[in-house]
Amino acid sequence: MNQVVPLYHQLMALYGPQGWWPLLGHDGCNPTKTGSHTGYHPGRYDFPRNRHEQFEIILGAVLTQNTAWTSVERALNNLSDLHALTPEGLAALEEATLKAAIRPAGYYNQKAGYLLSLCKFFQELDGAVPHRRTLLAQRGIGPETADAMLLYAYGQPEFVVDAYTRRIVTALGWIDAQVSYDAVKALFEAPLEAAFPNAAFRVQVYQEYHALLVEHAKRFYSRKPYGTGCPLVEALGG
DNA sequence: AACCAGGACGTGA
DNA sequence: TCACGTCATGGT
């Protein structure tokens with residue numbers, strides 16, 4: 001038994017519920033969350049509430065790859081102005097228009113192609129929950145993006161591992177830096193499955209846990225040397 | 001002026 | 001399998 005569950009409770013005590021995945025401003029969200037943007041909905045787990053919000057999460061998951069969320073919000077707002085937050089609307093855009101809209105999110109040549117192919121993919125799903133392997137077969141969807149889509153757009157119990165997660169557990173001495181994505185994921189999922197056998201509740205825990213790790217990492221793991229001032233290294237470090 | 005941001009992909013060994 | 005270069009804008 002490792003310290004995965006205690007770390008979750010520590011982070012929750014520090015920061016409280018985060019309310020991921022953020023969506024563009026709409027009723028029911030809380031734009032007042034400290035240090036973040038609009039579209040958070042802390043303490044609520046009924047998102048996405050429709051296919052439109054589901055697709056917005058899928059778009060954001062690709063746009064945020066190695067990109068700050070502030071930049072992603074600009075891109076999403078541009079797409080919203082173009083009525084392109086639906087598969088039909090996005091696919092109808094001229095290529096140059098699409099690239100210009102998502103340009104603030106970086107890698108716009110690559111991501112434009114990814115988003116267009118995702119429109120067709122999402123339409124063919126027709127509301128079905130995709131398998132993880134199916135997502136991984138799509139261009140532009142790697143392990144983290146697949147898990148983010150499954151966890152936040154489809155409510156599936158898939159733990160999301162990102163660069164922040166790696167930095168934190170590395171600083172805590174739980175792994176060394178070269179451990180594979182799937183191994184880090186399993187490190188979290190094994191104890192969480194045991195502690196939270198109810199899958200629906202575990203989804204909420206996974207959603208909060210990843211968001212809490214990001215919130216914590218933004219404070220203590222964004223600049224080298226990573227972990228400077230982190231209160232958890234003393235408390236939980238190996 | 002570097003470094004970082006809620007990574008993924010193509011390549012070569 | 002895996003380390004490495006590439007993709008790109010925007011903030012610190």
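Owing to the predicted nature of the structure, the values given are computational and were not obtained by experimental measurement.

Peer 1: Any chance you could break down the environment of F159 for me, citing the residues and the numbers?
Peer 2: The topology assignment puts F159 in the loop between helix 8 (143–153) and helix 9 (163–171). Distance from F159 to L192, taken between C-alpha atoms, is 9.6 Å for residues 33 residues apart in sequence.

Peer 1: Tell me about the protein's contact with DNA strand C, residues and numbers included.
Peer 2: Around DNA strand C sit N66, S71, R74, R103, P104, G106, Y107, Y108, N109, Q110 and R223, and those are all the residues in its vicinity. Protein-proximal atoms of DNA strand C, defined as those within 4 Å of the protein, fall in sugar or phosphate at a share of 61%. Within the side chain of R74, a nitrogen or oxygen atom sits 2.5 Å from a phosphate oxygen of DNA strand C. N109 places a main-chain nitrogen or oxygen 2.9 Å from a phosphate oxygen of DNA strand C. Mapped by element, the contributors of at least two residues to the surface near DNA strand C are helix 3 (69–81) and helix 6 (108–125).

Peer 1: Hey, could you go over the pattern of salt bridges for me, with residue numbers and the actual values?
Peer 2: With the rule as written, the count across this model stands at 10 salt bridges. Two residues, R132 and D147, come together in a salt bridge whose shortest N-O distance is 2.7 Å. In this pair, R132 is assigned in helix 7 (residues 132–136) and D147 in helix 8, connecting sequence segments 15 residues apart. For D147, a relative accessible area of 0% translates into the label buried. If you follow the salt bridges from partner to partner, you end up with R132, D147, E158, D182, K185 and E189 in one network.

Parameters at a glance
Residues numbered from 1 in each chain as written. Chains lettered and ligands numbered in written order. Predicted model: local features only at pLDDT ≥ 70, side-chain atom pairs only at ≥ 80, totals over all residues. Heavy atoms only, no water. Helix = DSSP H or I, 4+ residues; strand = E, 2+ residues; numbered from the N terminus. Near = heavy atom within 4 Å. Polar contact = N/O pair within 3.5 Å; in protein donor to acceptor, adjacent residues only side chain to side chain. Salt bridge = Lys/Arg side-chain N within 4 Å of Asp/Glu carboxyl O. Buried < 20%, exposed > 50% of the residue type's maximum accessible area, 1.4 Å probe, protein only.

All we've got here are geometric facts, nothing functional implied.
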